[in-house]
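Examination of the molecular architecture
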Amino acid sequence: MPHPPLPPTRRTSRAHPLRRALAIALAAPLLLAGCTEFIDAGVDVEEQRAENYNLLDQDSLNEIMLAVAGPDEAVTYFREALASDPENPIMRRGLARSLSRAGRHAEARLVYAELVESPSVRPSDRVEYGLSLSRLDMWPEAEAQLALMPPGSPSDRKLTLMGLIADHRRDWDAADAAYSQARAMSPQPGSVLNNWGVSYLSRGESAAAEKMFEQALVLDPSLFSAKNNLAIAGALQGNYRLPLVTLTGEEKAVLYHNMAIIALRRGDRRVATGLLEQSLAAHPAHYAPAADKLALVGTPEEAVDRLKALAAEVRIDRFFRRNFPTFELPRDLVRDMSEVVIPGFRR
């Protein structure tokens, strides 16, 4: 079955990151000029200065690539760079981060596993490794990475990991505390609010979750995972209207389809039929997931068995277990679940 459209790539202006990288690069010699410990250690100051300058420049260029390039484009760039320089920790870090950003967490896990065993490991590497592990439901391993991090002021990403682990433990107070701090610290608070909304959805508090997703979209109107989650939260309460946010035709098709699946499981067959028709009408091309199900909805006696046969890739109950480890759907919704196209609840 064709995969659903990926969330739109967030692209930023090239001018701003380049100016920032240039400013850092120009300042680097001045910063390094004060490092007299190299003289005491008997190291060639100019050689060490050039080496550190090059590392700083690589880091800056990598940040630009991660910010500007599309997810798969960044993966290709870092994979090729690492192939030509296999021992370069900066390129290995870039590859791991780009794989995570592309949603390829199983591959990212393997790269991070090598990175955290190297002398060049940073605390932020363990944070990102832990986040990828959490996406793979590898909670003991994610907690182990968190425990290996040095004490001190946590970053917004570390706090997000702490929030996810607290959700898994059903420790809602700890989750709220972690997400609240992460929101205050994050340069992208919309993403934190989206994860916080998923936490509320995991508790069965759909109305509170909706408010979080709405706040996330106020801060970041392009955040597709929040749009998707907002539609799902409404559908679980019997509200099958699209969120009042800007949506492309492909995004509308995915959201209509996902709401239709939930409507089917709630027994709202007529509503589901209408939603699938709207999904087909909204997509600029042909949306096979909606077309396949629409062809079956009109035969109630055979619909459940035939829909089950279509669930070749991922079932909705598995999706909820993967993305909402602590979320329990009502038994009548879990029974005979068919596939659902949801690119990812978390971000």
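Scoring rules and cut-offs
Residues numbered from 1 in each chain as written. Predicted model: local features only at pLDDT ≥ 70, side-chain atom pairs only at ≥ 80, totals over all residues. Heavy atoms only, no water. Core = buried A, V, L, I, M, F, W, Y, C linked by side-chain atoms within 4.5 Å. Buried < 20%, exposed > 50% of the residue type's maximum accessible area, 1.4 Å probe, protein only. Helix = DSSP H or I, 4+ residues; strand = E, 2+ residues; numbered from the N terminus. Contact = heavy atoms within 4.5 Å. Phe/Tyr/Trp six-rings, centres within 6.5 Å; stacked < 30°, edge-to-face > 60°. Lys NZ or Arg CZ within 6 Å of the ring centre and 35° of its normal. 1 Å grid on protein atoms, 1.4 Å probe; cavity = no way out; pocket = protein on both sides within 12 Å on 5 of 7 lines; lining within 4 Å. Points joined across faces, edges and corners; volume = space filled by probe spheres on them. Nonpolar A, V, L, I, M, F, W, Y, C, P; charged D, E, K, R; others polar. Salt bridge = Lys/Arg side-chain N within 4 Å of Asp/Glu carboxyl O. Polar contact = N/O pair within 3.5 Å; in protein donor to acceptor, adjacent residues only side chain to side chain. Expected span 1.5 Å × (residues − 1). Arc of directions from axis to C-beta.

Counting 50 residues, the largest nonpolar core has M259 and L275 as its most contacted members. When residues of this core are assigned to their parent elements, the largest contribution, 10 residues, is made by helix α14 (residues 249-265). Beyond its immediate stretch of four places on either side in the chain, M259 contacts A231, A235, N239, Y240, R241, L242 and L275. Core analysis: the second largest hydrophobic core is formed by 21 residues, F78, M91, A108 and L115 among them.

Attention now moves to the environment of A175. Here A175 shows up in helix α10 (residues 172-185). Separated by 10 residues in sequence, A175 and I165 have C-alpha atoms that sit 7.9 Å apart. In this structure A175 touches G163, A166, D167, S199 and R203, once residues within four positions along its chain are discounted.

With that settled, the discussion passes to the packing of aromatic side chains. Ring pairs (aromatic) are described by centroid distance and by the angle formed between their planes. Per the counting criterion, the structure on display carries 4 aromatic pairs. Taking the centre distance of 4.9 Å and the plane angle of 75 degrees together, the rings of Y77 and F78 count as edge-to-face. An aromatic cluster is present here, built from Y179, W196 and Y200 joined pairwise through their rings. The ring centre of Y200 lies 4.3 Å from the NZ or CZ of R203, which sits over that ring.

Moving on, we get to the layout of surface pockets. Quantified by volume, the second largest pocket comes out at close to 240 Å³. When residues of the lining of the second largest pocket are traced back to their parent elements, those giving at least two are α12 (206-219) and α13 (224-236). Residue contributions to the lining of the second largest pocket peak at 4 residues, all from α12. Among the residues making up the lining of the second largest pocket, the classes are represented as 8 nonpolar, 2 polar and 3 charged.

We now examine the pattern of salt bridges. Evaluated as defined, the whole model comprises 10 salt bridges. With a shortest N-O distance of 3.3 Å, K227 and E251 are connected by a salt bridge. Taken together, the residues span a long stretch of sequence, with K227 in helix α13 and E251 in helix α14 at a distance of 24 residues. Grouping residues by exposure puts K227 and E251 together as buried. Linked through salt bridges whose partners overlap, the residues forming this network are D72, R79, R104 and E107.

Before going further, it helps to spend a moment on the side chain of D220. Among the secondary structure elements, D220 is positioned in the loop between α12 and α13. Polar contacts involving the side chain of D220 include one to the side chain of S222, which spans 2.7 Å.

Turning our eyes to something else, we now look at helix α4 (residues 71-84). Residues spaced three or four apart along an α-helix point in a common direction, a consequence of the helix completing one turn every 3.6 residues. When the terminal C-alpha atoms of α4 are compared, their 21 Å separation across 14 residues agrees well with the 20 Å that a helix rising 1.5 Å per residue should span. All buried positions along α4 are accounted for by A74, V75, F78, A81 and L82. Projected onto a plane normal to the axis of α4, the buried residues spread over an arc of 140 degrees and lie on a single side. Across from the buried face of α4, at angles greater than 90 degrees, the exposed residues are E80, A83 and S84.

Bear in mind that shape data such as this cannot, by itself, settle questions of function.
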